Amino acid sequence: MAVKPIPEGQHTITPYLGIKDAGKAIDFYKAAFGAVEMFRLDSPDGRVGHAELKIGDSSLMLADPCDMEGGLVSSQSLGGAAIGLHLYVDDVDARFAQALKAGATQVRAVENQFYGDRSGTLKDPFGNLWFVSSHVEDVSVEEIRARAAKLFGGQ
């Protein structure tokens, strides 16, 4: 049997985060978003060399930053959020509250959006933004454009 170019259970693109204290981030993502640790390889110094998590049907890779050329840096070292992750969940209000309880900070409260999602924005303790959403209304592209124009003062 031939080896698949995209491993079973993976999608074509997977976020890969560089996070100082990646082990603590893994614990946070488990508590906040129900992540499941699929694989973890610690370096000899105890830092996370590579880890793979599953949140819902999607994968997330992360590691502690490394000094190798071309290696990962962290959002924390940049002074602002370098990464934003969009997370669809069944119940945005419950998951948002769960993430806050686990240590996330609210950036924008959960509310219905003109494009058909109910969503809010969180910042995790590691400097990354999470746009947490539940889809609540199917809206055509034309209607999204009309609503956006009205919302932003166009028509």
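Just so it is clear, the model here is predicted, and its values are computed rather than measured.

S.K.: How would you summarise a nonpolar patch on the surface if you had to cite specific residues and measurements?
M.R.: There is a patch of nonpolar side chains on the surface, built from Val 36, Met 38, Phe 39 and Leu 41 and spanning about 390 Å² of accessible area. Looking at the element boundaries, Met 38 is found in strand β2 (residues 36-42).

S.K.: Describe the pairing of strand β7 (residues 117-123), with residues and values.
M.R.: Working note: regular strand, side chains alternate between the two faces of the sheet. Most of β7 is tucked away, with 5 of its 7 residues classed as buried. Here strand β6 (residues 105-112) pairs with β7 via 5 bridges, running antiparallel. When the sheet's bridge partners are listed, Asn 112 is paired in β7 with Arg 118. Connecting the antiparallel pair β6 and β7 is a turn made up of 4 residues, with Gly 116 showing a positive phi of about 105°. Of the pairings in the sheet, the one linking β7 to strand β8 (residues 129-135) comprises 7 bridges and is antiparallel in character. Residue pairing in the sheet places Ser 119 in a bridge with Ser 133 of β8. Between β7 and β8, which pair antiparallel in sequence order, lie 5 residues; one of them, Gly 127, sits at a positive phi of approximately 90°.

S.K.: Explain the packing of aromatic side chains to me, and be specific about the residues and the numbers.
M.R.: Within this structure, the stated rule accounts for 8 aromatic pairs. The interplanar angle of 65° and the centroid separation of 6.4 Å between the aromatic rings of Tyr 29 and Phe 126 together place this pair among those described as edge-to-face. Placement of the pair is Tyr 29 in helix α1 (residues 22-33) and Phe 126 in the loop between β7 and β8, with a sequence separation of 97 residues. Residue Phe 126 is classed as buried on the basis of its relative accessible area, which comes to 8%. Joined through ring pairs, the aromatic side chains of Phe 28, Tyr 29, Phe 33, Phe 126 and Trp 130 make up one cluster.

S.K.: Break down the nonpolar core for me, with residues and values.
M.R.: Counting residues in hydrophobic clusters, the biggest one holds 28 residues, and the most contacted among them are Tyr 29, Phe 33, Leu 60, Leu 62, Leu 122, Trp 130 and Val 132. Those elements that place two or more of their residues in this core are α1, β3 (48-55), β4 (58-63), β5 (84-88), α3 (92-102) and β8. The element contributing the most residues to this core is α1, with 7 residues.

S.K.: Pulling in residues and values, what's your account of the packing of α1 against α3?
M.R.: Where α1 contacts α3, the axes come no closer than 7 Å and their chain directions differ by 145°. In this structure, α1 contributes Phe 28, Ala 31, Ala 32 and Phe 33 to the contact, and α3 contributes Arg 95, Gln 98, Ala 99 and Ala 102. Looking at side-chain class alone, the contact of α1 with α3 contains 6 nonpolar, 1 polar and 1 charged residues.

S.K.: Got a sec to walk through the sheet that holds β3? Specific residues and values, please.
M.R.: On the basis of which strands lie adjacent, the open sheet formed by 4 strands has the order β1-β4-β3-β2 and mixed pairing. Here the strands that pair on one side only, and so sit at the sheet edges, are β1 (16-18) and β2. This sheet shows a mean twist of 20° between the axes of neighbouring strands, independent of strand direction. Here 6 bridges tie β2 to β3, and the two strands are oriented antiparallel to one another. Bridging across to β3, Val 36 finds its partner in Lys 54. Along the sheet face, α1 touches β1, β2, β3 and β4 and points at about 5° away from the line of β3.

S.K.: Residues and numbers for the pattern of salt bridges, please.
M.R.: A full pass over the atoms with the stated rule returns 7 salt bridges. With its nearest N and O atoms 2.9 Å apart, the salt bridge here joins Asp 93 to Arg 118. Residue Asp 93 is found in helix α3, and its partner Arg 118 is found in strand β7; the two are separated by 25 residues along the sequence. Owing to a relative accessible area of 36%, Asp 93 belongs among the partly exposed residues under this scheme. Note that Arg 147 and Glu 137 form a salt bridge whose closest N and O atoms lie 2.8 Å from each other. Separated by 10 residues along the polypeptide, Arg 147 in helix α4 (residues 141-151) and Glu 137 in the loop between β8 and α4 bring together distant segments of the chain. Residue classification places Glu 137 among the partly exposed positions, given a relative accessible area of 33%. Among the charged side chains, a salt-bridge network with shared partners connects Lys 30, Glu 37, Arg 40 and Asp 42.

Reading the values: rules and limits
Residues numbered from 1 in each chain as written. Predicted model: local features only at pLDDT ≥ 70, side-chain atom pairs only at ≥ 80, totals over all residues. Heavy atoms only, no water. Patch = residues over 30% accessible without salt bridge, like charges linked within 9 Å, V, L, I, M, F, W, Y side chains within 5 Å. Areas by Shrake-Rupley, 256 points an atom, 1.4 Å probe, with all protein chains shown as cover. Salt bridge = Lys/Arg side-chain N within 4 Å of Asp/Glu carboxyl O. Helix = DSSP H or I, 4+ residues; strand = E, 2+ residues; numbered from the N terminus. Buried < 20%, exposed > 50% of the residue type's maximum accessible area, 1.4 Å probe, protein only. Pairing = 2+ DSSP bridges. Phe/Tyr/Trp six-rings, centres within 6.5 Å; stacked < 30°, edge-to-face > 60°. Core = buried A, V, L, I, M, F, W, Y, C linked by side-chain atoms within 4.5 Å. Axes fitted to C-alpha atoms, helices over the stretch in contact; angles between N-to-C directions. Contact = heavy atoms within 4.5 Å. Nonpolar A, V, L, I, M, F, W, Y, C, P; charged D, E, K, R; others polar.

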